[in-house]
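In case you want the letters, here they are:
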Amino acid sequence: QERLVESGGGLVQTGTSLRLSCAASGRTFSRKAMGWFRQAPGKEREFVAAITWNGGATSYATFAKGRFTISRDNAKNTVNLEMRSLKPDDTAVYYCAAGVWPLPSYEPDAWGQGTQVTVSS
């Protein structure tokens with residue numbers, strides 16, 4: 001099972017950008033689909049974006065299309081989420097996840113501990 005550690009969260013202003021990273025340790029990272037999810041206070045966790053094992057395909061939640069970009073580097077065992085034009089509604093804990101494509105149709109089998117993103121208005 002993969003161990004996932006997120007980084008890059010923080011407090012930013014509306015309209016700015018932020019890059020989240022997820023470092024994976026494990027032998028199966030390069031064969032796993034990877035995804036990002038988020039959970040805002042008082043809300044259920046929701047899907048943000050996902051990418052296939054080789055980066056050949058991606059999928060995004062509607063709110064993320066055109067603003068967020070997911071990418072991965074299998075040589076470095078990392079997956080990133082570039083977020084642009086951030087809004088206060090993007091405030092949440094962001095989680096990295098590993099699993100089977102297509103995420104989120106299949107429940108991920110590994111989760112990171114999460115990184116807080118706060119967007120001030």
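Residues numbered from 1 in each chain as written. Predicted model: local features only at pLDDT ≥ 70, side-chain atom pairs only at ≥ 80, totals over all residues. Heavy atoms only, no water.

Peer 1: Just checking my understanding: could you explain the packing of aromatic side chains for this structure?
Peer 2: Each pair of aromatic rings is reported with the distance of its centres and the angle of its planes. Scanning the model with the defined rule gives 4 aromatic pairs in all. Relative to Trp 111, the ring of Tyr 95 has its centre 6.5 Å away and its plane inclined at 85°; by these criteria the two rings are edge-to-face. Remark: Trp 111 occurs in strand β10 (residues 110-111) and Tyr 95 occurs in strand β9 (residues 92-99); sequence separation between them is 16 residues. A relative accessible area of 25% places Trp 111 in the partly exposed class. Following the ring pairs from residue to residue traces out a cluster consisting of Phe 37, Phe 47, Tyr 95 and Trp 111. The residue whose ring lies beneath Arg 38 is Phe 63, and the NZ or CZ to ring-centre distance is 3.7 Å. (Phe/Tyr/Trp six-rings, centres within 6.5 Å; stacked < 30°, edge-to-face > 60°. Helix = DSSP H or I, 4+ residues; strand = E, 2+ residues; numbered from the N terminus. Buried < 20%, exposed > 50% of the residue type's maximum accessible area, 1.4 Å probe, protein only. Lys NZ or Arg CZ within 6 Å of the ring centre and 35° of its normal.)

Peer 1: Which parts of the structure should I look at to understand the sheet that holds strand β3 (residues 18-25)?
Peer 2: As a general point, the strands of a sheet are linked pairwise by backbone hydrogen bonds and lie either parallel or antiparallel. One open sheet accounts for 4 strands, arranged β1-β3-β8-β7; its pairing is antiparallel. Both outer strands of the open sheet, β1 (3-7) and β7 (68-73), are each paired with one neighbouring strand and no more. Going from strand to strand, the sheet's axes swing by 15° on average, the running direction of each strand aside. By the bridge criterion, 6 bridges tie β7 to strand β8 (residues 78-83) in an arrangement that is antiparallel. Bridged to Phe 68 within β8 is Met 83. (Pairing = 2+ DSSP bridges. Axes fitted to C-alpha atoms, helices over the stretch in contact; angles between N-to-C directions.)

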